[in-house]
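Here is how the chains run, residue by residue.
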Amino acid sequence: MSNEVSVQVHRGMGRITLTRPKALHALNAPMCETILAALERWAGDPTVHLIMIDHEEETRGFCAGGDIRMLADSGAGDAQEARAFFNVEYRMNAALKTFPKPVLAVMAGVPRGGGVGLSVHGSHRIATERTLFAMPETGIGLFPDVGGGWFLPRLSGYLGTWLALTGARLKGVDVAAARVATHFLPSELVPNLKKQVESADFSVGAAEMLNEILRGMTHPVPAGSFEAHRDIIDGCFAKDTAEEIVAALEASGDEWAAAQAATIRTKSPETVKVALRQVREGAKLDSFQDNMRMEYRIGWRKVQSHDFLEGVRAVIIDKDNDPKWNPATLEGVSESDVARYFDPLGDNELSFGD
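Note that the structure is predicted; figures quoted are calculated from it, not measured.

Novice: Explain the packing of helix α3 (residues 80-97) against helix α14 (residues 288-302) here, please?
Specialist: When two helices pack together, their arrangement is captured by the angle between the axes and the distance separating the axes. For the pair α3 and α14, interaxial distance at closest approach is 10 Å and the crossing angle is 165 degrees. Taken together, the axis directions place α3 and α14 in an arrangement best described as roughly antiparallel. As α3 runs across α14, the sense of the crossing is right-handed. Contact residues: α3 offers Arg-83, Phe-86, Asn-87, Tyr-90, Asn-93, Ala-94 and Lys-97, while α14 offers Phe-288, Met-292, Glu-295, Tyr-296, Gly-299 and Trp-300. Here the residues of the contact of α3 with α14 sort into seven nonpolar, three polar and three charged.

Encoded structure:
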């Protein structure tokens, strides 16, 4: 069990509170194990009617991701610790996605990477003006995991492909406009929301009760600022290959589109192509578990890849922000370079006990 996450039950509500403020509540394996154990316990507990996930009040966060430095250190060796982390984290993601009761995630802060996986699979997801969502993994040679292959292609149009390839950020109400969050609430009202949830009786009709509370507190969500670029997003990011996407962006004559193309060209070319195949494959899958098996295959290999180790060096260790990707261009990444990440793992496949 981890002392960096608080797990408790109060008046029929299971509460998961992240308590690792010095690391912006970034997830590690013991935290994921604690959360997974609670989810498995509460799923069949008739006295627990819903779950709330949040972070310690008066601290920064929500959850800035996973322990990237650990993943790289492990990947530079035998990768056993990194793969064990993915194993428990992905099973936690699946437990949240399939949880049979309402899950309220208060995304008041920075849900990135692993923090997205801890929140976006909940049935009720709250964004505030302080929420800053991003899946920036292509910039460090990783990939948009924790269920990104499932939820990103299921956003409207090709928003998810744009987010996956560029690592673009959504802030505040845009998080709800994109449907990454289901509700928007000014941050000063979050304490009141929590008090109402803590004091409510959810023993009958938990989802209806929670919806009623949220209807009385949350604000209408206007069109997202990204809608100004919707034609470009849905036109260019619908292309079949990364090269075609970049070419379409550059040929559009639009300043914003040119900036997206330039951003993609700074990312790991191999990872951009892996992420594109990931969201395309994920869109066709019928079950979330199958998506997580696919992502586990990618993660199993990606932590030992040149680009991931180089990306962590450039962005996190040396901080020179000058990674030397290999291959250095999209054109240099072959289909076989990408396909190897999706190959089955045989006896090492991710298992959900089925």
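Novice: How should I be thinking about the pattern of salt bridges in this particular structure?
Specialist: Oppositely charged side chains can pair when the atoms bearing their charge come close. What the rule picks out here adds up to 20 salt bridges. Note that Arg-277 and Glu-281 form a salt bridge whose closest N and O atoms lie 3.6 Å from each other. Of the two residues, Arg-277 and Glu-281 are both situated in helix α13 (residues 269-284); the distance of four residues between them amounts to about one turn of the helix. On the accessibility criterion, Arg-277 (29% relative accessible area) is partly exposed. What emerges from the salt-bridge pattern is a single network uniting Arg-15, Asp-54, Lys-194 and Glu-198.

Novice: Even after reading the chapter, I still don't get unusual backbone geometry, so can you show me in this structure?
Specialist: Peptide bonds are mostly trans, and most non-glycine residues show a negative phi. Note the cis peptide between Asn-326 and Pro-327, where omega equals 0 degrees. Phi is positive for Lys-319, close to 60 degrees, though the residue is something other than glycine. In this structure, Asn-321 is a non-glycine residue whose phi angle is positive, near 50 degrees. The topology assignment puts Asn-321 in the loop between α15 (306-317) and α16 (335-339).

Novice: Explain the packing of aromatic side chains here, please?
Specialist: Both the distance between ring centres and the angle between the ring planes are used here to describe each pair of aromatic rings. One pass over the structure, following the stated rule, counts seven aromatic pairs. The structure contains a cluster of three or more aromatic residues connected by ring pairs, namely Phe-85, Phe-86, Tyr-90, Tyr-296 and Trp-300. Its end group placed over the ring of Trp-300, Arg-83 keeps NZ or CZ at 4.0 Å from the ring centre. The ring of Phe-342 carries the charged tip of Arg-277 above its face, separated from the ring centre by 4.3 Å.

Novice: Which parts of the structure should I look at to understand the sheet that holds strand β4 (residues 103-107)?
Specialist: Each strand in a sheet pairs with another by means of backbone hydrogen bonds, the pair being arranged parallel or else antiparallel. Taking strand neighbours across the sheet as the criterion, the six strands line up as β1-β2-β3-β4-β5-β8 in an open arrangement whose pairing is mixed. The sheet is open, and its two edges are formed by β1 (5-10) and β8 (183-184), each paired on a single side. For β4 and strand β5 (residues 124-127), the ladder comprises four bridges, and the chain directions are parallel. The partner of Val-106 across the bridge, within β5, is Ile-126. In this fold helix α8 (residues 190-199) packs onto β1, β2 (13-18), β3 (50-55), β4 and β5, with an angle of close to 150 degrees to the strand it touches most, β3. Here helix α9 (residues 206-215) sits on the sheet in contact with β3, β4, β5 and β8, set at roughly 20 degrees to β5.

Conventions used here
- Residues numbered from 1 in each chain as written.
- Predicted model: local features only at pLDDT ≥ 70, side-chain atom pairs only at ≥ 80, totals over all residues.
- Heavy atoms only, no water.
- Axes fitted to C-alpha atoms, helices over the stretch in contact; angles between N-to-C directions.
- Helix = DSSP H or I, 4+ residues; strand = E, 2+ residues; numbered from the N terminus.
- Parallel < 35°, antiparallel > 145°, perpendicular 65-115°, else oblique.
- Left-handed = near helix turned anticlockwise from the far one by under 90°.
- Contact = heavy atoms within 4.5 Å.
- Nonpolar A, V, L, I, M, F, W, Y, C, P; charged D, E, K, R; others polar.
- Salt bridge = Lys/Arg side-chain N within 4 Å of Asp/Glu carboxyl O.
- Buried < 20%, exposed > 50% of the residue type's maximum accessible area, 1.4 Å probe, protein only.
- Phe/Tyr/Trp six-rings, centres within 6.5 Å; stacked < 30°, edge-to-face > 60°.
- Lys NZ or Arg CZ within 6 Å of the ring centre and 35° of its normal.
- Pairing = 2+ DSSP bridges.

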